[in-house]
Number of protein chains: 2
Amino acid sequence: MNKIIARNLAGFLELEPKKQIVFDGMKAKIEQTFLLHGLYPVDTPVLEHSEVLLAKAGGETEKQIYRFTKGDTDMCMRFDLTVPFAKYCAINQDKLLYPFRRYQIGKVYRGERAQKGRLREFYQCDVDIISEDASLYSEAECINIVSDVFKNLNIPVVIKISNRKILSGVLEFYNLNHISNQVLNLLDKKDKLELDKFLTELENLVGASALDGITRVMSAENIADLEKFEINNEQYNQGKEEIKHLFEILQTLNLNNRFTLDLSVIRGLDYYTGTIFEVNFANINQNSSISGGGRYDSLASNYTNKPLTGVGFSIGLSRIFDILDKNNLIEFSKQATSWVGIIPLGDSLTHCFEIANVLRKNHIPTEVLYFNKPFKKKMDHANKKGIPYIMVVGEDEQISGNYGLKNMKTGHVFEGELKEIIAIFRGEKVGN
Amino acid sequence: MNKIIARNLAGFLELEPKKQIVFDGMKAKIEQTFLLHGLYPVDTPVLEHSEVLLAKAGGETEKQIYRFTKGDTDMCMRFDLTVPFAKYCAINQDKLLYPFRRYQIGKVYRGERAQKGRLREFYQCDVDIISEDASLYSEAECINIVSDVFKNLNIPVVIKISNRKILSGVLEFYNLNHISNQVLNLLDKKDKLELDKFLTELENLVGASALDGITRVMSAENIADLEKFEINNEQYNQGKEEIKHLFEILQTLNLNNRFTLDLSVIRGLDYYTGTIFEVNFANINQNSSISGGGRYDSLASNYTNKPLTGVGFSIGLSRIFDILDKNNLIEFSKQATSWVGIIPLGDSLTHCFEIANVLRKNHIPTEVLYFNKPFKKKMDHANKKGIPYIMVVGEDEQISGNYGLKNMKTGHVFEGELKEIIAIFRGEKVGN
C-alpha cells in the first residue's frame, strides 16, 4: 500500500511528549493562577458565523482568517478570544453578574504567511473584567493578575504601562487629530524600523516641532516627567491623573518593580481607550510583546446597546513557549507523568494492578510496567521515562504486605507497608 | 449603528458561567484520572492537511468534514482524535518509548445535520496504549481507566465488552464472510431499528439458520454461555479464549461489577480487530454509548510500515454533559470559583488587595469586591455568585491584624489573624 507522508501544516505547533508535558505544566499554572484570582471560565466555539466574527474586522485581519462555507453557512475560525467573548457577553448579558471577571484559554487561528516562526495556530490565555463602569482598580487587578502569572511561571518580565489619553492629548496639542491613526500606526512600528528611518518618517508625517514633542513624551521615564511638558489639555491631564493613580495602587501591591512607565507602548487594536500595557521578557531580547491589554469602553457595541466597559489582557502562551524553547531556556528532563512505576515479578501482575489502583485512589500517579519484556528492559524503560520511584513486586511482597519503594535518583529504598508508602507522598500535588 | 445579532452556529455548545464551571470540573476530573494512571499528554492541531487526515476516511465521514482551501493548501478540521494520533505516532515514531500510553482531550468537528441535539463541535477524551505487541493487559488497563473515570465523575455506567473475533467466527461458521461488512453494519444498527424490522432485515440478509445462530450468540449473558454453541473454528475459539482471560483479569480489579459481557456490541469503526467495549449510562435510557473503544492491529499503517498495535477508547464529554443537563441531573448551584470574597470598608481597598494576594499565595482562590456599589449590594453580589466565605475588611482590621471570616452557609464568623484564617483552608484543593 502506498504510504502518505505524515506531516503537519506549517505554523502548527505539535510537541513531542517531553515538551508537551512542560507546555501543559505552563498552561496549568496559568489556569491555576486565574482560578486563584476567582475568575470564571468561559469556553466559546472555535467556529463562528462570519457575520458575527467579522462584525468589526477588516483589512489585515480579514485576510488572515480561515473562512469557508459548508452548506449555506458562511463561517470562520476564531482569530482571537476577544470578539467571541464580546458575542458571549451580548448573548448572556442578562445572565451575567457584573462585574463579570472571566478567563479563557484556547487556540486561535491566523492564516498569515508562516515566516520566522510565526504560528498559525496558537494558545491565547485571556482575562477580561467587564462592568458598566470599570474603575482604575480593574486595571490594577489585571496588572496584578498578569504579574502573578509570570511570577508563578518563574519567567522574569517587565510590564510596560501607558495611557492612550496622554498621547492623544499630545496629538491634540499639535493639531494632529485628523491624522492620529496614521501617527499611532507609525509609532506602533517603532521597534520594527531602524531609528533613523522611523524618525524621518515621523517628521514627514507630523513636522519638526511635533516630532520633538512626541519623542520627548514617549521617552518619559517616570510619572514626574509628565509634569515637565507644556501640554495642558483635558485628554492629556486625564491620562496623567489616571496613570498617576494607577501607579499609586500598583506600588502597594508588592509587584517587585515588575512594572514601569513606557509611553512608547501603543497596542495596535483601536478599541483601547485609556490604560494600555504590554509584557516583555526581562532577560530575552524580543522586539515584540508576549502579553498585552488595556481598557476599552464598548466591548460588545457591534451586538448590543448595553454599555460594557472593561479591562482585559491576553497572554500568548504558544509564542512564549516557542521563544523559550528556541532560546534553550527550558529543561526537558522530566518525561513521565507517573510518580511510581510498578514492575511485576513472576505471577504478581494482577496484584500489581490492584496496588496501582490503591495508590491512585490516594492521589499518587502510578503505572504498571506490565509489557512482555525482561526485568532489565523494564528498568531501562522506567529510567528513560524518568519515573521517579519504582516498586518491584513479586509473590514475597504480595504475601508479606511489605513493599520496597526505590528512589531512582538517590538509589535509596524505603521498605514498609502500602499505607506507609502512601504517607511518603502526602502533600504532593498531582498534575503539572 | 446597526447591530449584528449575536448568535452561535447550530450544534455548537456554549455554556453560561454556572454550567461552564461544572463542565470544566468534569473535564478536570477526567484529566486528573488520566494523569493518575501515568498517561502522557498529547496535543495535536485542530487543522490538518486533507491528504493526511483523509488517508483512510471515505463515505459518510468525508461528507461530514469541514474542509477548505487557503492559498494552495487543502485542509480539514479534525473529526476525531484517533487519526491525528496515528499521524503523530508516525511523525514521532523514533522519539516515543513503547508502550506509549497517551491521552488527549480536545474538540473535534463533524458538520453533520444538526438534529436531535447532535453536536457539531464536541470534546473527546481519548486514551491509547500502543506498542509493538499489545497484550490483553492493555485491554484490561483501558477498561480499568475508563471505569475509574466514571467512578471519579460519580456517574453510574455499564461497560459492555465483546470480542470481534467471536462474531467473525460465527459469520465464518455460516459461510457469511463475503457479506460480513453488511451484516456487521446491520447488527450495529440494532438499537436504532424496531426489533421486528431488524430481525426481518437480518433474515433476508443471512437466512433463517444463521439468523438463529447469530441472535443466540449475541444474547449470550456470560462467558459460560459461549461454550454452549456448536461453533468451533479458530476465530471463534480465539475470541472466546481472549474474552475469558480478559474477564479473569478484570474480576481481580475491583471494578464493582461495572462491566458485563455483551456480544451485541459492534463498534462501527472497521479498524478494531479483537476486544471491543462500549460504555452506557446505567440509569439513563440512551440508545447510544457515551464511550467506546477496543483493540486495533495497525494504527498508523497509512503513514508507516512500523507495526503499531494498540488499545484505545474515547469518551464523549460534551455529549455526556449535554445528556445529563437535558435530564436535569446536574446541580448548577455553585457559581463562584473564589472561596473567599473580600469586601472593603472605608479606605482599606489597597490593603484588601494585599490580603487577597497573601491568601492566593497560600492557594486560596480569592476575589476583592472593589466595584463602586454600596456594601449591601456587594453582599448581594457575593451571595448570588455563591462565594462561600466573606471577609469584611476596614481600618479596624487593618490596624489590629484581626480579621473575620464569615461562612455564608452557616453564618458562623471565625475571628483570627490571617495565618489562622489560612490554616482553615489547608488541605483543600484548588480548581474544579
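Residues numbered from 1 in each chain as written. Chains lettered and ligands numbered in written order. Predicted model: local features only at pLDDT ≥ 70, side-chain atom pairs only at ≥ 80, totals over all residues. Heavy atoms only, no water.

K.L.:
Summarise the overall build of chain A; cite the residues concerned and give the values.
P.N.:
Broken down by element type, chain A carries 15 helices and 16 strands. When the backbone C-alpha atoms are referred to their principal axes, chain A occupies close to 90 × 55 × 50 Å. Expressed as a percentage of its 432 residues, the buried residues of chain A come to 59%. Across chain A, contacts joining residues at least 24 apart in sequence account for 68% of those joining residues at least 6 apart. (Helix = DSSP H or I, 4+ residues; strand = E, 2+ residues; numbered from the N terminus. Buried < 20%, exposed > 50% of the residue type's maximum accessible area, 1.4 Å probe, protein only. Contact = heavy atoms within 4.5 Å.)

K.L.:
So what's going on with the side chain of serine 289 of chain A? Residues and values would help.
P.N.:
All names here are of chain A. Residue placement: serine 289 occurs in the loop between β9 (272-281) and β10 (291-296). A polar atom in the side chain of serine 289 sits 3.5 Å from the side chain of arginine 267. Contacts of serine 289, omitting those with residues within four sequence positions, involve Arg267, Glu278, Val279, Asn280 and Arg319. (Polar contact = N/O pair within 3.5 Å; in protein donor to acceptor, adjacent residues only side chain to side chain.)

K.L.:
Can you explain the interface of chain A and chain B? Please cite residues and give values.
P.N.:
Taken together, the contacts link 106 residues of chain A with 106 residues of chain B. Of the roughly 9,300 Å² buried at the junction of chain A and chain B (both faces included), carbon and sulfur atoms supply 59%. At the surface where chain A touches chain B, the tally comes to ten salt bridges. In this structure, the salt-bridge partner of lysine 107 of chain A is aspartate 43 of chain B, at a minimum N-O distance of 3.1 Å. Across the chain A-chain B interface, the total number found is 46 residue pairs in polar contact (both at pLDDT 80 or more). Split by residue class, the side of chain A that touches chain B holds 50 nonpolar, 31 polar and 25 charged. (Buried area = accessible area lost by both parts, 1.4 Å probe. Salt bridge = Lys/Arg side-chain N within 4 Å of Asp/Glu carboxyl O. Nonpolar A, V, L, I, M, F, W, Y, C, P; charged D, E, K, R; others polar.)

K.L.:
Describe the sheet that holds strand β5 (residues 100-109) of chain B, listing the residues and the values that go with them.
P.N.:
All names here are of chain B. Overall, mixed pairing links the eight strands, which are arranged β1-β5-β6-β11-β10-β9-β7-β8 in an open sheet. In this open sheet, the two edge strands, each paired with only one partner strand, are β1 (40-41) and β8 (259-261). As judged from the eight bridges shared by strand β6 (residues 121-131) and strand β11 (residues 309-316), these two strands associate in the antiparallel manner. Counterpart to cysteine 125 in the pairing with β11 is isoleucine 315. Packing of helix α10 (residues 234-252) onto the sheet brings it into contact with β7 (157-163), β8 and β9 (272-281), and relative to β7 it is tilted by some 150 degrees. (Pairing = 2+ DSSP bridges. Axes fitted to C-alpha atoms, helices over the stretch in contact; angles between N-to-C directions.)

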